[in-house]
Amino acid sequence: MATTGRRVGRPRAARRPDSGLSARDELLRAAAELFTTLGYAATTTRVVAERAGMRQATMYHYFGGKEDLLAELLESTVTPSLILARELLADEERPAGTRLWELCRSDVELLCGGPHNLGGLYLLPEVRAERFAGFHHVRAELKDAYGRLLAETGPGAELDKAELALRTDLVFGLIEGVILVHRSDPERPVAAFAEATADAALRIAGLAGTTGTAGTTGMAGTPGTGRD
């Protein structure tokens, strides 16, 4: 008799007493560790399943293979920041520079705050495949949110379309570039690193100083008014 779908194998219990994680989350945790230490190409689904404490056939009840695991891990590095970006874009109470700083800070903490450097997976050549179109779509939407926040600042509003695109590329590139910096010194305190990166991002955007909780400053260190 023919079989359909990928739900093969007997699913294991929903939770393990030693971790409290669901089987799905245990697989993701195992994949994150193995992909970032052993390497994506060298990691097999069997090894992932064994690290998660289950049989390979059971793993296929939750994921179709390595690509599905990688896709979910990649999207987990972007989706929380995109949710925050949407909230910040809707916030009309605080200056745009303050909101942009908060997005930069939070994004860096997300990329660097976990036990594994998942951002390093961006560099895998496999990520260019069509299977990861969902990740690229979410990432593009996040980058667009950066650009929209930048455009709402005083300096950003004065830029033409090409200049705004360049500044957005530079700011977004700086934020994602922390992946390599974090890899070189993973013991660096993430909170301070995130704030310093956000400060640098605002300087690239044409704003001077930190716009976190201390208010907004404009270009050349002069006090900002209105929307930066």
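Read on for a plain summary of the structure.

What counts and what doesn't
- Residues numbered from 1 in each chain as written.
- Predicted model: local features only at pLDDT ≥ 70, side-chain atom pairs only at ≥ 80, totals over all residues.
- Heavy atoms only, no water.
- 1 Å grid on protein atoms, 1.4 Å probe; cavity = no way out; pocket = protein on both sides within 12 Å on 5 of 7 lines; lining within 4 Å.
- Points joined across faces, edges and corners; volume = space filled by probe spheres on them.
- Helix = DSSP H or I, 4+ residues; strand = E, 2+ residues; numbered from the N terminus.
- Nonpolar A, V, L, I, M, F, W, Y, C, P; charged D, E, K, R; others polar.
- Phe/Tyr/Trp six-rings, centres within 6.5 Å; stacked < 30°, edge-to-face > 60°.
- Buried < 20%, exposed > 50% of the residue type's maximum accessible area, 1.4 Å probe, protein only.
- Salt bridge = Lys/Arg side-chain N within 4 Å of Asp/Glu carboxyl O.

Another aspect to go through is the layout of surface pockets. One simple way to see leftover space: roll a probe sized like a water molecule over the atoms. Within this model, the largest pocket holds a volume of roughly 260 Å³. Ala 32, Leu 73, Pro 115, His 116 and Leu 118 are the residues nearest the centre of the largest pocket, which is lined by 14 residues in total. When contributions to the lining of the largest pocket are tallied by element, the ones reaching two or more residues are helix 1 (23–37), helix 4 (66–76) and helix 6 (96–112). Counting residues per element, the lining of the largest pocket draws most heavily on helix 1, which supplies four residues. Grouping the amino acids of the lining of the largest pocket by side-chain chemistry returns seven nonpolar, five polar and two charged.

Going through the model one piece at a time under the given rule, you end up with three aromatic pairs. Between the aromatic rings of Phe 35 and Tyr 40, the centroid separation amounts to 4.9 Å while the plane-to-plane angle is 75 degrees, which identifies the pairing as edge-to-face. Judged by relative accessible area, which is 4%, Phe 35 ranks as buried. For the pair Tyr 122 and Phe 135, a centre-to-centre distance of 5.2 Å together with 50 degrees between the ring planes defines the contact as tilted. With a gap of 13 residues between them, Tyr 122 in the loop between helix 6 and helix 7 (133–152) and Phe 135 in helix 7 connect regions that are remote in the sequence. Pair check on accessibility: Tyr 122 and Phe 135 agree, each one buried.

On the secondary structure map, Gly 119 appears in the loop between helix 6 and helix 7. Of the residues examined, Gly 119 reaches a relative accessible area of 1% and is grouped as buried. In this structure, the C-alpha to C-alpha distance between Gly 119 and Arg 183, residues 64 residues apart in sequence, is 9.6 Å.

We now examine the pattern of salt bridges. Oppositely charged side chains can form a pair if their charged atoms are brought close together. Applying the stated criterion to the full structure yields eleven salt bridges. Residue Glu 141 pairs with Arg 86 through a salt bridge whose shortest N-O separation is 2.7 Å. Taken together, the residues Glu 141 in helix 7 and Arg 86 in helix 5 (residues 79–90) connect sequence positions 55 residues apart. Look at Arg 86 and you get partly exposed, because its relative accessible area is 45%. Where Glu 109 meets Arg 105, a salt bridge forms, and the shortest distance between an N and an O atom there is 3.0 Å. Placement of the pair is Glu 109 and Arg 105 together in helix 6, with a separation of four residues, close to one helical turn. Through salt bridges that share partners, Glu 102, Arg 105 and Glu 109 make up one connected network.

Looking now at empty space enclosed by the protein. Tallying each qualifying case throughout the model produces one cavity of 30 Å³ or more. Looking at the largest cavity, its volume works out to about 40 Å³. Thr 77, Val 78, Asp 107, Leu 111, Tyr 122, Arg 139, Leu 142, Phe 172 and Glu 176 together form the lining of the largest cavity. Considering only residue class, the lining of the largest cavity consists of five nonpolar, one polar and three charged.

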